[in-house]
Amino acid sequence: MSDSEEDVDLPRFFKVFLSETASESMAIPMSFNEHLEDPLPQTAKLQGIGGGVWTVSFKKIRDCAYFTSGWSKFAEDHELKDGEFLTFVYDGSHTFEVSVFGRSGCKEIRAEVETVELSDANSDKEEEEDSSVVADSNEEEDEGDDDSSFIAGEDDEVSQSLSHVDSDDTVSNAEVVAGFSNLEVESNPCFTTTLKNRIYELLIPANVVKEHGLTFCDRVKYIDGEGIMHGAKGKWSDDRICFKGWDRICRRNRLKERDTVHCEMLHIRKKVHTIKITVTRGLG
């Protein structure tokens, strides 16, 4: 299944922004109610393609669901104007990915989150501290090099988003976030890995999964410096979790054997939906 076909399966709706009726709150079409949880969660997350996440109140008024408190901040930060077109793609839980189309009809990246990465010296220090996790990850992946242990289906097609992504909804402690006081900053589960002979799947270290009590969506977003790709979940014969499509990330980032890949797992209530990737180049 292609990436575009997978996206079609996610519930979505569109709205035309009108400041007269949507400056303080945004109504969700009543026909979309069948896709929403009952009762509604108290809050929802709006993920902009510029990398930020806005938490808004989620309320039902006379059978119609609304984004209320926090929506005006989202509209202000995105500089929404009358007649602009918004699309909302729902992950089935709490998060809506929101795209803005200007009056020209083209998707526009707004409210980008700027980040400043730590220096190479600090990154090297982090690598040394995480060496035990790297060893566990390497050991687990090497144990499963026999293709017969992999029981997932054929490798799904993945494709790159048209938008460039500089950050995401949560930012690791290894970054400094500029602007957007409402952006959530929290520590996310992380692990490191290196280039493997079997590059088409990313194995999630079992010790990290167990330590943090993680579960995983059927597909995740890979976010690197180039943009977004998707990977479908697979499972090894011993129930360890992996995600396919990893070879696209390896090739796009031109990974070499001495490079280290830092993987930060973004989650909602311990359910991982995104893996943010930072590559540290090895010497030589």
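Residues numbered from 1 in each chain as written. Predicted model: local features only at pLDDT ≥ 70, side-chain atom pairs only at ≥ 80, totals over all residues. Heavy atoms only, no water.

In the nomenclature of an unreviewed UniProt entry, the chain is known as TF-B3 domain-containing protein of Brassica cretica. According to the UniProt record, the Subcellular location (unreviewed entry) comment for the chain is "Nucleus". (UniProt positions renumbered as here; feature names shortened; annotations may be inferred.)

*Asks:* Please clarify how the pairing of strand β16 (residues 260-268) should be interpreted in this entry.
*Replies:* As a general feature of sheets, a regular strand has side chains that alternate between the two faces. Across the 9 residues that make up β16, a large majority, 9, are buried. In β16, alternate side chains face the same way, and those of T260, H262, E264, L266 and I268 on one face and V261, C263, M265 and H267 on the other are all buried. As paired strands, strand β11 (residues 190-194) and β16 are joined by 5 bridges and run antiparallel to one another. Within β16, the residue paired with T194 across the bridge is T260. Relative to strand β17 (residues 271-280), β16 is paired through 9 bridges, and the arrangement is antiparallel. (Buried < 20%, exposed > 50% of the residue type's maximum accessible area, 1.4 Å probe, protein only. Helix = DSSP H or I, 4+ residues; strand = E, 2+ residues; numbered from the N terminus. Pairing = 2+ DSSP bridges.)

*Asks:* Mind showing me how you'd approach the pattern of salt bridges here?
*Replies:* Throughout the structure, instances matching the rule amount to 8 salt bridges. In this structure, K233 and D218 form a salt bridge, with 3.9 Å as the shortest nitrogen-oxygen distance. Of this pair, K233 sits in strand β14 (residues 227-235) while D218 sits in strand β13 (residues 215-224), placing them 15 residues apart in sequence. According to the relative accessible area criterion, D218 is exposed, its value standing at 62%. In this structure, R251 engages D247 in a salt bridge whose closest nitrogen and oxygen atoms are separated by 2.8 Å. On the criterion of helical spacing, the pair formed by R251 and D247 is a turn pair, its members being 4 residues apart in helix α7 (residues 246-252). (Salt bridge = Lys/Arg side-chain N within 4 Å of Asp/Glu carboxyl O.)

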